[in-house]
Amino acid sequence: MQYRQLGRSGLRVSALSMGTMTFGGKGGFGVLGATGVEGAKRQIDMCLDAGVNLVDTANMYSDGASEEIVGQAIAGRRDRLLLSSKVRMRMGEGPNDQGLSRLHIVDQVERSLRRLGTDHLDIYHVHEWDGQTPLEETLEALDTLVRSGKVRYLGVSNYAGWQLMKALAVADAHGYQRFVSNQIYYSLESRDAEYELVPLSLDQGLGIMVWSPLAGGLLSGKYRRGQQASEGRHLTEWSEPPVRDEEKLYDTIETVVDIASAHGASPARISLAYLLAKPGVTSLVIGARKDEQLADNLGAAEVALSREDVDRLDKVSAPDLIYPHWHQADSASERFGAPDRALHGPAR
């Protein structure tokens, strides 16, 4: 297992992290999985044996049940793991039961700590943008949590580029703790993050944690053109992440399957190894309903793709150059820096 520096922080995290959205199975999360305490213990054991040192959860996964299960599963071995959780989404019916107000953040971190059975979180991510709470209020509340010892490092998730840059500017202006982690959706199915979020993370020193690196299982190899998988979520039912171009998706899957065959590896491992080779990526958050799926995903850390493999995958999954990126490619490429190259590729 590789351990990578999380942005400009001093924290080293494993290249693969344990995701826990499948723990609990309450409400709408039941379609993803319903892993209980014993199953969670078993999967966390597998991750620890593979060298994984980070478990990622969120307060809203199964209305807190995921955190409760994680807390029970790691009891007695908390010191062997880093814990990441999140705040922002609705956690009740009241007018203040969502968002990034000081009230909601402070209330929810205490609830998360109780459910997890710990006195601190190693990484605390804001889970989504809140356009109605002043950033000064949000960032001051988060800064206080770090200074109090209840949180070690701060992360952000699902922000647009301008929103994240504004938050970093506010933090810098007031001397608040900065975000060091940017948890984003990024996969061979959709590389939208390369327009702004990957370059911004490289430029501003945020380590990238990737959620749904297999596009909810679409890149596992069991979904092929002209056929539906016998289990899992079918393409017609997919809503997160949305699939905008089915033909491009299937072209990508065929390339992944071909490269996987050459390596004697599963398509899932190839899809994960591709992301681990991309600029700025620190850790992939992997989770699975079944132990065998998790075991296979953990093997991605052992796959080494060739430059030719990466080039083939880059080409088949390339995002369209939207404005101003096509204009910059035509007019400014001779002065691109490393963040620009995250979208446009290395100079040839």
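What this report covers is the structure whose coordinates are included nearby. Everything numeric here is computed off the predicted structure, so don't read it as measured data.

## Brief notes about the overall build of the protein
Then comes step 1: Secondary structure summary: the protein contains 12 helices and 10 strands in total.
Then comes step 2: Taken over C-alpha atoms, the radius of gyration comes to 20 Å for the protein, in line with the 20 Å a tight globule of 348 residues would show.
Then comes step 3: Dimensions of the protein, computed from C-alpha atoms along their principal axes, come out at roughly 50 × 50 × 35 Å.
Then comes step 4: A total of 348 residues make up the protein; the buried ones form 55% of that total.
Then comes step 5: Total accessible area on the protein is roughly 15,100 Å²; 47% of this is exposed by carbon and sulfur atoms.

## Notes on unusual backbone geometry
It is generally the case that most residues other than glycine have a negative phi and that most peptide bonds are trans.
Then comes step 1: Note that the residue after Tyr323, namely Pro324, is joined by a cis bond; omega there is 5°.
Then comes step 2: As for its position among the elements, Pro324 is in the loop between helix 10 (307–317) and helix 11 (325–331).
Then comes step 3: A positive phi is found at Asn158, a non-glycine position, where the angle reads about 65°.
Then comes step 4: Turning to its location among the elements, Asn158 is positioned in the loop between strand 7 (151–157) and helix 5 (161–174).
Then comes step 5: The exposure class assigned to Asn158 is partly exposed, which follows from its relative accessible area of 25%.
Then comes step 6: Phi is positive for Ser212, which is not a glycine, with a value near 50°.
Then comes step 7: One can find Ser212 in the loop between strand 9 (207–211) and helix 7 (246–263).

## Considering helix 2 (residues 65–73)
Then comes step 1: In terms of burial, helix 2 is a largely internal element, seven of the nine residues being buried.
Then comes step 2: When we look at burial in helix 2, the residues that qualify are Ala65, Ser66, Glu67, Ile69, Val70, Gly71 and Ala73.

## Focus: the sheet that holds strand 4 (residues 54–56)
Sheets are built from strands paired through backbone hydrogen bonds, the pairs being either parallel or antiparallel.
Then comes step 1: Reading around the barrel, the eight strands line up as 3-4-5-6-7-8-9-10 and close back on themselves, with parallel pairing between neighbours. On average, each strand axis in the sheet is inclined to that of its neighbour by 30°, with strand direction left out of account.
Then comes step 2: Bridge count for strand 8 (residues 179–185) against strand 9 is five bridges, and the pairing is parallel. Looking across to strand 9, one finds that Gln183 is bridged to Met209.
Then comes step 3: With respect to the sheet, helix 6 (residues 197–204) is in contact with strand 8 and strand 9, its orientation differing from that of strand 8 by roughly 165°.

## Observations regarding the environment of Glu67
Then comes step 1: Take Glu67: it is sitting in helix 2.
Then comes step 2: For the pair Glu67 and Phe23, spaced 44 residues apart in the sequence, the C-alpha separation amounts to 8.4 Å.
Then comes step 3: Beyond its immediate sequence surroundings of up to four residues, Glu67 is in contact with Thr57, Ala58, Asn59, Ser85, Ser112, Arg115 and Leu116.
Then comes step 4: A polar contact of 2.8 Å, which involves the side chain of Glu67, links it to the side chain of Ser112.
Then comes step 5: Side-chain polar atoms of Glu67 contact the side chain of Arg115, separated by 2.7 Å.

## A closer look at a nonpolar patch on the surface
Then comes step 1: A grouping of Leu321, Tyr323 and Trp326 is seen on the molecular surface, where their side chains present a nonpolar patch of about 340 Å² in accessible area.
Then comes step 2: Structurally, the position occupied by Leu321 is in the loop between helix 10 and helix 11.
Then comes step 3: A relative accessible area of 36% places Leu321 in the partly exposed class.

## Regarding the packing of helix 4 (residues 135–148) against helix 5
Then comes step 1: Look at helix 4 against helix 5: their axes get within 10 Å of each other, and the N-to-C directions meet at 65°. The element helix 4 and its partner helix 5 pack so that their crossing is right-handed. Side by side, helix 4 and helix 5 meet where Leu135, Glu136 and Leu139 of the first sit next to Lys166, Ala167, Val170, Ala171 and His174 of the second.
Then comes step 2: Its residues assigned to classes, the contact of helix 4 with helix 5 shows five nonpolar, one polar and two charged.

## Thoughts on the packing of helix 3 (residues 102–116) against helix 4
Then comes step 1: Contact geometry of helix 3 with helix 4 gives a least axis separation of 9 Å together with a crossing angle of 30°. When the interaxial angle is binned, helix 3 and helix 4 end up roughly parallel. Of the two elements, helix 3 crosses helix 4, and the hand of that crossing is right-handed. Contact residues: Arg102, Ile105 and Val109 in helix 3; Glu137, Thr138, Glu140, Ala141, Leu142 and Leu145 in helix 4.

Cut-offs applied
- Residues numbered from 1 in each chain as written.
- Predicted model: local features only at pLDDT ≥ 70, side-chain atom pairs only at ≥ 80, totals over all residues.
- Heavy atoms only, no water.
- Helix = DSSP H or I, 4+ residues; strand = E, 2+ residues; numbered from the N terminus.
- Rg over C-alpha atoms; globule rule 2.2 N^0.38 Å.
- Buried < 20%, exposed > 50% of the residue type's maximum accessible area, 1.4 Å probe, protein only.
- Areas by Shrake-Rupley, 256 points an atom, 1.4 Å probe, with all protein chains shown as cover.
- Pairing = 2+ DSSP bridges.
- Axes fitted to C-alpha atoms, helices over the stretch in contact; angles between N-to-C directions.
- Contact = heavy atoms within 4.5 Å.
- Polar contact = N/O pair within 3.5 Å; in protein donor to acceptor, adjacent residues only side chain to side chain.
- Patch = residues over 30% accessible without salt bridge, like charges linked within 9 Å, V, L, I, M, F, W, Y side chains within 5 Å.
- Salt bridge = Lys/Arg side-chain N within 4 Å of Asp/Glu carboxyl O.
- Left-handed = near helix turned anticlockwise from the far one by under 90°.
- Nonpolar A, V, L, I, M, F, W, Y, C, P; charged D, E, K, R; others polar.
- Parallel < 35°, antiparallel > 145°, perpendicular 65-115°, else oblique.

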